[in-house]
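Below are the chains, spelled out letter by letter.
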Amino acid sequence: MKRLTALLLCIVLLIGCTAPKLQLPGSFYYPRVEPAYAGSDDVIAAEKRELAGVREDLGEMLRLYLEGPLDPRLTHALLPGTELLEYTLFEQVLTLRFSQELAQLSGIELTVAAGCLARTFLPLADATTLILTADGALLNGNTSLKLTLEDLYLQDD
């Protein structure tokens, strides 16, 4: 009886502690090598990625994203050497803490990188808000950058 009770308790705990729901396949957004400014998604583009085997592991998806795009028409959103130090997902808020190299981006480069991360990971993690920070550094003079998908303007009229 004790074994059955222990087994049921483990099952209940496992069901209650499920990982964030992730969608499969996923779209990883990266900047275009040759951006255009005529329409939507002319600066960034989606690269479809098969996420079988990692669909329940947000950390592994972040690691895959940081390896960069497979398509030669796309480039990495972050500077070489930029490391993801920590990520948290709590109440639909995804927080990504990067190394200080993230703070070397500013202006449009930071905006494009943040847009790529938001377009990629808010849907995959079923989050509504993305918060970016750089370890011990400011992003465009702020301690963090907060984005939602509604904050992104994909076409400038």
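Below is a summary of the structure that appears in this document. Note that this is a predicted model, so its numbers are computed, not measured. (Residues numbered from 1 in each chain as written. Predicted model: local features only at pLDDT ≥ 70, side-chain atom pairs only at ≥ 80, totals over all residues. Heavy atoms only, no water.)

Phi is positive for Asp126, which is not a glycine, with a value near 55°. Counting through the fold element by element, Asp126 comes out in the loop between helix H3 (107-124) and strand S5 (129-134). Despite not being glycine, Asn140 shows a phi value in the positive range, around 50°. Tracing the backbone shows Asn140 in the loop between S5 and strand S6 (145-147). (Helix = DSSP H or I, 4+ residues; strand = E, 2+ residues; numbered from the N terminus.)

Glancing now at H3. Turn by turn, an α-helix covers 3.6 residues, leaving residues three or four places apart pointing in a common direction. Its 18 residues give H3 an end-to-end C-alpha distance of 26 Å, which sits within 8% of 26 Å, the value for a rise of 1.5 Å per residue. Burial runs high along H3: 13 of the 18 residues are buried. (Expected span 1.5 Å × (residues − 1). Buried < 20%, exposed > 50% of the residue type's maximum accessible area, 1.4 Å probe, protein only.)

Summed over the entire model, instances satisfying the criterion amount to four aromatic pairs. Ring centres 4.6 Å apart and planes at 5° place the aromatic pair Tyr30 and Tyr65 in the stacked group. Note that Tyr30 is positioned in strand S1 (residues 26-31) and Tyr65 in helix H2 (residues 58-66), a separation of 35 residues in sequence. For Tyr30, a relative accessible area of 0% puts it in the buried group. Relative to Phe121, the ring of Tyr65 lies with its centre 5.4 Å away and its plane at 80°, an arrangement referred to as edge-to-face. Residue Tyr65 is found in helix H2, and its partner Phe121 is found in helix H3; the two are separated by 56 residues along the sequence. According to the relative accessible area criterion, Tyr65 is buried, its value standing at 0%. What makes Phe121 buried here is its relative accessible area of 0%. (Phe/Tyr/Trp six-rings, centres within 6.5 Å; stacked < 30°, edge-to-face > 60°.)

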